[in-house]
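Observations on the model geometry
Here is what each chain is made of, one letter per residue.
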Amino acid sequence: MSRLASLYQEMILSHNRSPQNFGDLDPHTHHSHGVNPVCGDDFHLYLFVEDNRVSKVSFKGQGCAISKASASILTETVLGKSIQEIIPIKDAFLKLISDTASTEEKAQLGKLKIFEGVKEFPVRVKCAALIWRALEDAISQQHGQISTE
Amino acid sequence: MSELTLRQEFPIFNAHPEIAYLDSAASTQKPRMVIDRIQGFYESEYATINRGLYELGYHATNNVAKTRDAVRHFIGAKDSKEIIFTSGTTAAINLVANSLSQGLLKPGQEILISQMEHHANIVPLQRACDQYQLRLKICPITSNGELDMDAFKALLGPQTGIVALTHISNVLGCITPIKTICHLAHEQGAYVLIDGAQAVAHVPVNVQEIDCDFYCFSSHKLYGPSGVGVLYGKANLLEAMPVYQSGGDMIETVSFEKTTYADLPNKFEAGTPPIAQIVGLGAAIEFVSQIGFDAIQAHDEAIQSYAYERLSQLKGIQIFGPTSNKSSLHSFVLKDAHPHDIATILDQSKVCIRAGHHCAQPLMSHYEVAAMARASYSVYNTSNDIDQLISALSQVIEVFQ
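Residues numbered from 1 in each chain as written. Chains lettered and ligands numbered in written order. Predicted model: local features only at pLDDT ≥ 70, side-chain atom pairs only at ≥ 80, totals over all residues. Heavy atoms only, no water.

Quick look at the overall build of chain A now. Per the secondary structure count, chain A includes six helices and four strands. Written out in order from the N terminus, the α and β elements of chain A read α-α-β-β-β-α-α-α-α-β. Taken over C-alpha atoms, the radius of gyration comes to 14 Å for chain A, in line with the 15 Å a tight globule of 149 residues would show. In terms of overall dimensions, chain A has C-alpha extents of about 45 × 35 × 30 Å along its principal axes. Taken over 149 residues, chain A has a buried fraction of 53%. Taking as baseline every contact in chain A between residues at least 6 positions apart, the subset at least 24 positions apart corresponds to 58%. (Helix = DSSP H or I, 4+ residues; strand = E, 2+ residues; numbered from the N terminus. Rg over C-alpha atoms; globule rule 2.2 N^0.38 Å. Buried < 20%, exposed > 50% of the residue type's maximum accessible area, 1.4 Å probe, protein only. Contact = heavy atoms within 4.5 Å.)

To continue, consider the overall build of chain B. In terms of helices and strands, chain B carries 14 helices and 15 strands. Relative to the 2.2 N^0.38 estimate, which gives 21 Å for 401 residues, the radius of gyration of chain B is 22 Å and therefore close to what a compact globule would have. With the principal axes as the frame, chain B shows a C-alpha extent of 70 × 55 × 35 Å. The buried share of chain B, taken over its 401 residues, is 58%. A separation of at least 24 residues holds for 70% of the contacts in chain B among residues at least 6 apart in sequence. Accessible surface, chain B: about 16200 Å² in total, of which carbon and sulfur atoms supply 48%. One finds the centroid of the 27 positive side-chain charges in chain B at a distance of 3 Å from the centroid of its 40 negative side-chain charges. (Areas by Shrake-Rupley, 256 points an atom, 1.4 Å probe, with all protein chains shown as cover. Lys, Arg positive; Asp, Glu negative; His and termini not counted. Charge placed at Lys NZ, Arg CZ, Asp CG, Glu CD.)

All right, on to the interface of chain A and chain B then. Across the contact, 19 residues belong to chain A and 15 residues belong to chain B. For the pair chain A and chain B, the two sides together bury roughly 1300 Å², of which 56% comes from carbon and sulfur. The largest share of the area that chain A buries against chain B comes from Leu4, Tyr8 and Cys39 of chain A, three residues that together contribute 34% of it. In this assembly, chain A and chain B are joined by one salt bridge. Between the two partners, chain A and chain B, sit seven residue pairs in polar contact (both at pLDDT 80 or more). Of all the elements in the fold, those that place two or more residues in the side of chain A that touches chain B are helix H1 (3-7), helix H2 (10-17) and helix H3 (65-78) of chain A. (Buried area = accessible area lost by both parts, 1.4 Å probe. Salt bridge = Lys/Arg side-chain N within 4 Å of Asp/Glu carboxyl O. Polar contact = N/O pair within 3.5 Å; in protein donor to acceptor, adjacent residues only side chain to side chain.)

All right, on to the sheet that holds strand S11 (residues 317-320) of chain B then. Residues and elements named next belong to chain B. On the basis of which strands lie adjacent, the open sheet formed by four strands has the order S11-S12-S15-S14 and antiparallel pairing. Here the strands that pair on one side only, and so sit at the sheet edges, are S11 and strand S14 (354-356). The sheet shows a mean angle of 30 degrees between the axes of neighbouring strands, taken without regard to direction. Direction of pairing for strand S12 (residues 329-334) relative to strand S15 (residues 372-376): antiparallel, over a ladder of four bridges. Following the sheet pairing, Leu329 is matched in S15 by Ser376. (Pairing = 2+ DSSP bridges. Axes fitted to C-alpha atoms, helices over the stretch in contact; angles between N-to-C directions.)

Residues and elements named next belong to chain B. Each domain of chain B was delimited in the assignment, giving domain 1 (7-31 + 293-400) and domain 2 (34-289). Placing a centre on the C-alpha atoms of domain 1 and another on those of domain 2 gives a separation of 28 Å. Across the contact, 39 residues belong to domain 1 and 34 residues belong to domain 2. Across the domain 1/domain 2 interface, buried area totals approximately 3000 Å², and carbon plus sulfur atoms make up 58% of it. The largest contributions to the domain 1 side of the interface with domain 2 come from Pro31, Phe293 and Leu363, which together make up 21% of the buried area. On the surface where domain 1 and domain 2 come into contact, there are 23 residue pairs in polar contact (both at pLDDT 80 or more). Those elements giving two or more residues to the side of domain 1 that touches domain 2 turn out to be helix H11 (293-311), S12, helix H13 (361-367) and S15. (Domains from an automatic or database assignment.)

Now for the packing of helix H3 (residues 55-74) of chain B against helix H10 (residues 275-291) of chain B. Residues and elements named next belong to chain B. Where H3 meets H10, the axes come as close as 9 Å, and the angle between the chain directions of the two elements is 40 degrees. One element, H3, and the other, H10, form an angle in the oblique class. The two elements H3 and H10 cross, and the hand of that crossing is left-handed. For the pair formed by H3 and H10, the contact residues are Asn63, Val64, Thr67, Ala70, Val71 and Phe74 on the first element and Ile275, Ile278, Val279, Leu281, Gly282, Ile285, Val288 and Ser289 on the second. (Parallel < 35°, antiparallel > 145°, perpendicular 65-115°, else oblique. Left-handed = near helix turned anticlockwise from the far one by under 90°.)

The biggest cluster of nonpolar side chains holds 79 residues, and the ones touching the most others in it are Phe152, Val163, Tyr215 and Val379 of chain B. Listed in part, the 74 residues of the second largest apolar core include Leu7, Ile86, Ile89 and Ala101 of chain A. (Core = buried A, V, L, I, M, F, W, Y, C linked by side-chain atoms within 4.5 Å.)

It is worth spelling out the pairing of strand S4 (residues 135-139) of chain B at this point. Residue and element names in this part refer to chain B. Where strand S3 (residues 110-114) meets S4, five bridges bridge the pair, whose relative direction is parallel. Note on S4: the bridge partner recorded for Glu110 is Arg135. Since S3 and S4 lie parallel, the crossover through helix H5 (residues 123-132) that links them has a hand, and here it is right-handed. (Right-handed = clockwise from strand over helix to strand, strands pointing away.)

All names here are of chain B. Overall, the coordinates contain 19 aromatic pairs over all chains when judged by the stated rule. Between Phe13 and Tyr380, the aromatic rings sit 5.4 Å apart at their centres with planes inclined by 55 degrees, giving tilted as the arrangement. You can see Phe13 sitting in helix H1 (residues 12-15) and its partner Tyr380 sitting in the loop between S15 and helix H14 (383-400), a full 367 residues away along the chain. Its relative accessible area of 5% is what places Phe13 among the buried residues. Three or more aromatic residues joined by ring pairs form one cluster here, namely Phe10, Phe13, Tyr21, Tyr223, Phe287 and Tyr380. (Phe/Tyr/Trp six-rings, centres within 6.5 Å; stacked < 30°, edge-to-face > 60°.)

Quick look at the pattern of salt bridges now. Within this structure, the stated rule accounts for 25 salt bridges over all chains. A salt bridge links Glu10 of chain A to Arg17 of chain A, with the shortest nitrogen-to-oxygen separation between them at 2.8 Å. With a relative accessible area of 44%, Arg17 of chain A lands in the partly exposed category. Here Arg7 of chain B and Asp385 of chain B are joined by a salt bridge, their closest N and O atoms 3.5 Å apart. Highlighted residues: Arg7 of chain B in the segment before H1 and Asp385 of chain B in helix H14, separated in sequence by 378 residues.

What follows covers the side chain of Lys221 of chain B. Residue and element names in this part refer to chain B. With respect to the element layout, Lys221 can be found in the loop between strand S7 (214-218) and strand S8 (229-233). Despite its burial, Lys221 pairs with no opposite charge; the closest candidate is Asp23, at 8.1 Å N-O. Looking at Lys221, its side chain comes within polar contact range of the main-chain oxygen of Ala26, at 3.0 Å. Look past the residues within four positions of Lys221 in its chain and what remains in contact with it is Ala25, Ala26, Thr28, Ala197, Gln198 and Ala201.

Dropping the structure here:
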């Protein structure tokens, strides 16, 4: 597979075209706003956590195909999981795209592994990471805003 | 065919023959003539300037003085003391925004800019407004992507202290009628600052004919090195303005009781200047002068119209800015493909473009887009580069269809 084809895999393109869990979530228990000031990617992530599980999740905003697909797949991944289950996945994903993940860490990522191609494109790592940084911020109860710069 | 054949003059294309470099509005590549001049200067002529205690220093000082005069001639200024070397356009605008506002404006006066300015021609003026109790006014642009002259006339008045406008927009490519602007502004007693960063490599500039009060540009967009730029200012204004940065080289005498300042241009050149870069800028001006603006403009027109013809046929493209009276660039978006995805895919085909907000976020907001892709053209581009761009863009459309 060419570097380009490994970056823009069909699943990524399809989530870009038809993002899952896209829109507002009201009420929500957790929220963060992620901004990549250099390229203008700008997403809000909302979680509704009850009994320590994510029972509802959504995101809204705009950005490139990589950042949008990453957000869409994040929402599918965290739905129904506990915060304790989410944290190691988030950590493994951030390592995957910066090419520092171990085999064990990769093993727990499931379909998120399709983002591995991003590591070949250093300037795009931030695009894939943005929503996961927002997740990190939201579950740390900061309820704030994060920036990739 | 009016296309120039200067690609071989740029060593970067020997190192990367496959590259179509279409990001010259951000920074131009450097011709051998400039690279050789800088290398030669460091190898056999370098010393610091304005001391003259030994021959090497005397010659280096002369080289800088010669470049100052070359700049004066290049932009048609009356006197070389009106040419201030800065670190670039941004520094030049900061100098004027601060010193002019502080010295020659009164609280309550207005600074008039436009919707399409680069952040460098917004933020320093915004800060000057905060600092000196001035008010920032924004002139809109037309639906065609040009300065709205009716709105400009309506916004301009005796309350206007500074008009600060881009000569050529780095996003829209439109050419501002700066001579008319200066005439209208002067009727109201306002000073005019022109951001010429995008203009100097593409159109001939004569500041006396334009009658602007200040004009600035960067060397690195004019085939010269980065780290040096020019502020032109009318001598009587520069003389009346208070000093900006202070330190060595800009003084006449210093004592702990009282310091007196040097005359122009040194008054505004605190600290050791970028000496080799100034000399490199001199070589860049020589390079441009040897080609001549008639040939440059014919080349620009040939490349730009060919690019527009090809780009406008692409499925789902929206091109911003006017189609005529426009400089060498096209900013665009494609339906369904984000500009950063476009840039990444183009990079795989060795096509270098810019994608993002182009340091013009208020203009992005005006068009309700987060980002645009931009292809910009220069003397070394050929129609082959445009073909390479179009073929890579077709690939983008294929991926995102």
